[in-house]
Amino acid sequence: RIGRLDWRPKTTTTDDDDDGGGDDRGGHKRSAIPSSSNEETPRKKTAEGNIYYGTKKKKKMKLSTAALSSALLVASSVAGGGVSAFAVVPSTAFGRSPSTGSVALRMAEEASDESSSSVAEATAAIATDPTDSLTIPLTFDEMVRDASRAASDASEAGVNRQILRVLLPRDPTNDQLGQYFENDADTDTLNLVLAPPDETWQGGIMQLYRAAAPTCQEILRRFSKGVAGVPPKLVEDRSVDESGVDGVGLWMTQSSSPSDDVCCFVQPTQETVDAVESIHEQAGPERMVALMNPQWRNADDALDAASKGGGFLGGVASFLGGKGRSLDRLDEMGFRTVYTLEGYVVKGGNIRMVKRFDTEWAVFAENDSMTDFIKVGTMTTRPTYQDIDKMLDDKGIALKYARDIGLAPKL
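What counts and how
Residues numbered from 1 in each chain as written. Predicted model: local features only at pLDDT ≥ 70, side-chain atom pairs only at ≥ 80, totals over all residues. Heavy atoms only, no water. Pairing = 2+ DSSP bridges. Helix = DSSP H or I, 4+ residues; strand = E, 2+ residues; numbered from the N terminus. Axes fitted to C-alpha atoms, helices over the stretch in contact; angles between N-to-C directions. Contact = heavy atoms within 4.5 Å. Buried < 20%, exposed > 50% of the residue type's maximum accessible area, 1.4 Å probe, protein only. Right-handed = clockwise from strand over helix to strand, strands pointing away. Phe/Tyr/Trp six-rings, centres within 6.5 Å; stacked < 30°, edge-to-face > 60°. Lys NZ or Arg CZ within 6 Å of the ring centre and 35° of its normal. pLDDT = per-residue confidence, 0-100. Core = buried A, V, L, I, M, F, W, Y, C linked by side-chain atoms within 4.5 Å.

Student: I'd love a proper account of the sheet that holds strand 8 (residues 263-266), names of residues and values included.
Tutor: Spatial ordering of the open sheet is given by 6-7-8-9-3-10-11-12-13, a layout of nine strands whose pairing is mixed. If you trace the sheet from one side to the other, it starts and ends with strand 6 (233-237) and strand 13 (373-379), each paired once. Going from strand to strand, the sheet's axes swing by 20° on average, the running direction of each strand aside. Sheet topology places strand 3 (residues 161-165) next to strand 10 (residues 336-346); four bridges connect them, and they run parallel. Bridge pairing in strand 10 links R165 to T340. The strands touched by helix 3 (residues 140-156) within the sheet are strand 3, strand 10 and strand 11 (349-356), with strand 10 carrying the most contacts at an inclination of about 150°. Against the sheet, helix 9 (residues 385-394) makes contact with strand 10, strand 11, strand 12 (361-366) and strand 13, and its axis sits at roughly 120° relative to strand 13, the strand it touches most.

Written as structure tokens, this is what we have:
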């Protein structure tokens, strides 16, 4: 039985209570899909009696000498180009008559093997590094598109326990000095800006939640499977935030089939991991459970580093707020970061870092006209402030104030 998800602890019920009533969605069952990867297919025989097919998984083909003697497939790799060129050459070009095919057959088999390896090498050469395709979204819609696409790609790859870190929509007047009240961002506004969830938000964690909640809704709408173009129903559960002021929420989709439901915890804390584990156990391996913008940082402080060490000191560090134990529990559940978009200030300019589950870290610097971001480097591990500063030096990018007053070239 696949029913709706609830993070609260379940109470024991008797068989008499389960009478098939209640939510009719809870009665859906997974449909058994028979495996056909190794299904045996009948052998087919042509009029000439020379072509046979084996199983679907592994095909065998034998070509008649009459067919091979008429033409041969010769593969030759273009030097340095990584592309295979194919030409059909008559068998008479090899000095044999069409009536004899032993030499032609052997040469055709060798040419076929060479062509297969050439195609594989060409495909590998043509394939681009997915890191090269990373870009920085400039609008809210672009960010939602990139995040939902990464979540969908990861789900197709078998990753259904996901962590996403994104920027949040913010009112464009947020940087005005002397303004004691900051308006909430409206996702329908074309002029809103994307800002990192840092300490510059005047309303604190609750203001962050008011921006993170609509962002989560849009990502879930893009990711979820709708019926006839209609997105699924979205339900918010704020009871997961026991204090009511920690800025934590749970958003769930209710699709036409409960097996397609998705749960996303918005800004979860370490105290939320128990609820995450409850949803994880109910959802099973096929339904997606996501965490968006967890309140623990990617970088480690002293307590975080100590809590990852284990032992007595590790337990004390975890009790004092270290995230090591919480991360261990999430790792055991199979959670993996599938999309990260972060923002910092280095040398006075805005820096953005982006990474998907299948790419490396890519670092971008905002140009001086604030219209686009320029790629400055990549790393396999998460770049530190010092790493980014060195990337900017290597690219000849000076301090922003020096560029503004004309002491250095504009970016």
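Student: Residues and numbers for the pairing of strand 8, please.
Tutor: The alternating pattern of strand 8 places C263 and F265 and C264 and V266 on opposite faces, both of which are buried. Relative to strand 8, strand 7 (residues 249-254) runs antiparallel, the two sharing four bridges. Bridge pairing links M252 to C263 in strand 8. Here four bridges tie strand 8 to strand 9 (residues 289-292), and the two strands are oriented parallel to one another. Residue pairing in the sheet places F265 in a bridge with L291 of strand 9. You can see the chain leave strand 8, run along helix 5 (residues 273-283) and come back into strand 9, and the turn it takes is right-handed.

Student: Can you tell me about helix 5, naming the residues and giving the values?
Tutor: Every α-helix winds through 3.6 residues per turn, so residues three or four apart in the chain are directed the same way. Residues of helix 5 that are buried include every one of V273, A275, V276, S278, I279 and A283, and no others. The positive-phi residue at the C-terminal boundary of helix 5 is G284, with phi of around 75°.

Student: Tell me what's going on with the environment of Y209, and back it up with residues and numbers.
Tutor: Locating Y209 in the fold gives a position in helix 4 (residues 204-223). Look at Y209 and you get buried, because its relative accessible area is 5%. For the pair Y209 and V266, spaced 57 residues apart in sequence, the C-alpha to C-alpha distance is 7.6 Å. Not counting the four nearest positions on each side in its chain, Y209 is found in contact with P214, E236, R238, G247, V248, G249, W251, V266 and Q267.

Student: Account for the packing of aromatic side chains, with residues named and values stated.
Tutor: This model, assessed by the stated rule, comprises zero aromatic pairs. Against the face of W201 rests R170, its NZ or CZ located 4.4 Å from the ring centre. Positioned above the aromatic ring of Y209, the side-chain terminus of R238 is 4.9 Å from the ring centre.

Student: Outline the confidence of the model for the chain, listing residues and values.
Tutor: One rule of thumb: low pLDDT means the predicted coordinates there are not for detailed reading. Averaged over every residue, the pLDDT of the chain is 73; residues scoring 70 or more account for 57%. Element-level mean pLDDT values for the chain span from 39 in strand 1 (residues 72-77) up to 96 in strand 12. Here residues 17-101 is modelled with pLDDT under 50, and outside its nearest four sequence neighbours on either side it reaches 100 contacts, counting other chains as well.

Student: Explain the nonpolar core to me, using residue names and the numbers behind them.
Tutor: Of all hydrophobic cores here, the largest spans 43 residues; its most connected members are W251, M292, Y339 and V354. For this core, the secondary structure elements donating two or more residues are helix 3, strand 5 (193-195), helix 4, strand 8, strand 9, strand 10 and strand 12. Ranked by residue count, the leading element in this core is helix 4, at nine residues. Residues in contact with V354, not counting those within four places in the same chain, are L134, T135, I136, Y339, T340, L341, E360, W361, A362 and F364.

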